[in-house]
Structure formats: C-alpha cells, structure tokens
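The primary structure of each chain is shown beneath.
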Amino acid sequence: MFKGIIALFTSGLFFHPMVLSGIALAIAAIMNLQEAQIYALLRTSYIYIGGVVWAFVYTFIFAKIYKEGGAEVDSFATALRAIGNSVRFLLAFVLTFSFAMMVSF
C-alpha cells in the first residue's frame, strides 16, 4: 500500500488536475456526508455525469491538442484526451472512497 502511494507522488500523477479534483471531491463528500448518504451518492449517476462534463470542459478549455502547424485544434485527439481525463477523474473519485473505507476499519 505504501509503495503505491509513493509511486503516485513520484510519477507526478497525483498533481494532474483531474486526479486532484477527483480526490478533493471524494474527501469533501467523506467529510460532510454520513455513510448512507455516501452510498446513495455513489449510486447516483449525476455525480459521474458531472465528473465527465468537468473533464471535457477542462480539456477543451485548458488542455487542447493542436495540429502540427499550431493554428487549429485537433478535435479527435482532444476528444481522446478528454475521455482519458474522464477516466482519471472517475478512478480517482471512486478509489479515494475505497481507500478511505479501508483505512476507516
């Protein structure tokens, strides 16, 4: 477990904005909600849809990929990056919950 946490920091993945926002949202929910409310939150699709929308908005505003000349945006590559950012956000969100539940016992 400790090797995994160390690898998260040394790889730089922890400082990715989508990972940080997923972790921050999960920690905020853990600190402010009861256990039954957390389980209800995880079963609600709006939180996942909101995360995907946040990842797409972030990607298309701040992390665009440009074509070789640098004049226009490569829409396909940016959409693939947005999908990857969505996966990063959702994994960080769900895995933070599972880590907190494991540590709390």
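Quick notes on the rules
Residues numbered from 1 in each chain as written. Predicted model: local features only at pLDDT ≥ 70, side-chain atom pairs only at ≥ 80, totals over all residues. Heavy atoms only, no water. Core = buried A, V, L, I, M, F, W, Y, C linked by side-chain atoms within 4.5 Å. Buried < 20%, exposed > 50% of the residue type's maximum accessible area, 1.4 Å probe, protein only. Helix = DSSP H or I, 4+ residues; strand = E, 2+ residues; numbered from the N terminus. Contact = heavy atoms within 4.5 Å. Phe/Tyr/Trp six-rings, centres within 6.5 Å; stacked < 30°, edge-to-face > 60°. Salt bridge = Lys/Arg side-chain N within 4 Å of Asp/Glu carboxyl O.

Trainee: Summarise the nonpolar core; cite the residues concerned and give the values.
Mentor: If you look at the biggest cluster of nonpolar residues, it comprises six residues: Ala-26, Ala-29, Ile-38, Ile-47, Phe-93 and Phe-97. Listing elements by their share of this core, those giving two or more residues are helix H2 (17-32) and helix H5 (75-104). Sequence-distant contacts of Phe-93, defined by excluding residues within four places in its chain, comprise Gly-22, Leu-25, Ala-26, Leu-41, Leu-42, Ile-47 and Tyr-48. Grouped together as the second largest cluster of nonpolar side chains are five residues, Ala-55, Tyr-58, Ala-63 and Phe-89 included.

Trainee: How would you explain the packing of aromatic side chains if you had to name every residue and give the values?
Mentor: Under the criterion given, the structure shown has six aromatic pairs. Both rings, one in Trp-54 and one in Tyr-58, keep their centres 6.3 Å apart while their planes meet at 45°; by these two values the pair is tilted. Of this pair, Trp-54 and Tyr-58 both sit in helix H4 (residues 45-62), four residues apart, which is roughly one turn of the helix. Looking at Trp-54, the relative accessible area reads 38%, which means it is partly exposed.

Trainee: I'd like to hear about the pattern of salt bridges, residue by residue, with values.
Mentor: A complete count under the given rule lists one salt bridge for this structure. The residue Lys-67 makes a salt bridge to Glu-72 at a minimum N-O spacing of 3.5 Å. The class for Lys-67 is partly exposed, based on a relative accessible area of 41%. Take Glu-72: its relative accessible area is 48%, and that puts it in the partly exposed class.

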